[in-house]
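Geometric and topological summary
Below are the chains, spelled out letter by letter.
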Amino acid sequence: MSFKTFLVVLLFVVLLAGATGGSESARNVGEALNQAVHWIADAWNALVGTG
């Protein structure tokens, strides 16, 4: 899966969560994505030795 495809799928997931569960679900999805990005950044920093 390319990065662009991943972003499109992610956008639909956020929109679907907002449409089905309201702003609370969208907020929860946003917080989970933010945490995932943080973990990826930490892993990248550990791999390349920065941070």
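Residues numbered from 1 in each chain as written. Predicted model: local features only at pLDDT ≥ 70, side-chain atom pairs only at ≥ 80, totals over all residues. Heavy atoms only, no water.

What follows is about the overall build of the chain. Of regular secondary structure, the chain possesses one helix and zero strands. When each of the 51 residues of the chain is scored for burial, the buried share is 4%. Of the roughly 4200 Å² of accessible surface on the chain, 71% is carried by carbon and sulfur atoms. (Helix = DSSP H or I, 4+ residues; strand = E, 2+ residues; numbered from the N terminus. Buried < 20%, exposed > 50% of the residue type's maximum accessible area, 1.4 Å probe, protein only. Areas by Shrake-Rupley, 256 points an atom, 1.4 Å probe, with all protein chains shown as cover.)

A contiguous nonpolar patch, built from Val-8, Leu-11, Phe-12 and Leu-15 and spanning about 400 Å² of accessible area, is present on the exposed surface. Overall, the relative accessible area of 40% leaves Val-8 in the partly exposed class. (Patch = residues over 30% accessible without salt bridge, like charges linked within 9 Å, V, L, I, M, F, W, Y side chains within 5 Å. Salt bridge = Lys/Arg side-chain N within 4 Å of Asp/Glu carboxyl O.)

So, about the environment of Val-14. By the secondary structure assignment, Val-14 is in helix 1 (residues 3-48). Taking the relative accessible area as the measure of exposure, Val-14 reaches 28% and is therefore partly exposed. When the C-alpha atoms of Val-14 and Arg-27 are compared, they prove to be 9.0 Å apart, with 13 residues separating the residues in sequence. Each residue touching Val-14, except ones within four places of it in the same chain, is listed here: Val-29 and Leu-33. (Contact = heavy atoms within 4.5 Å.)

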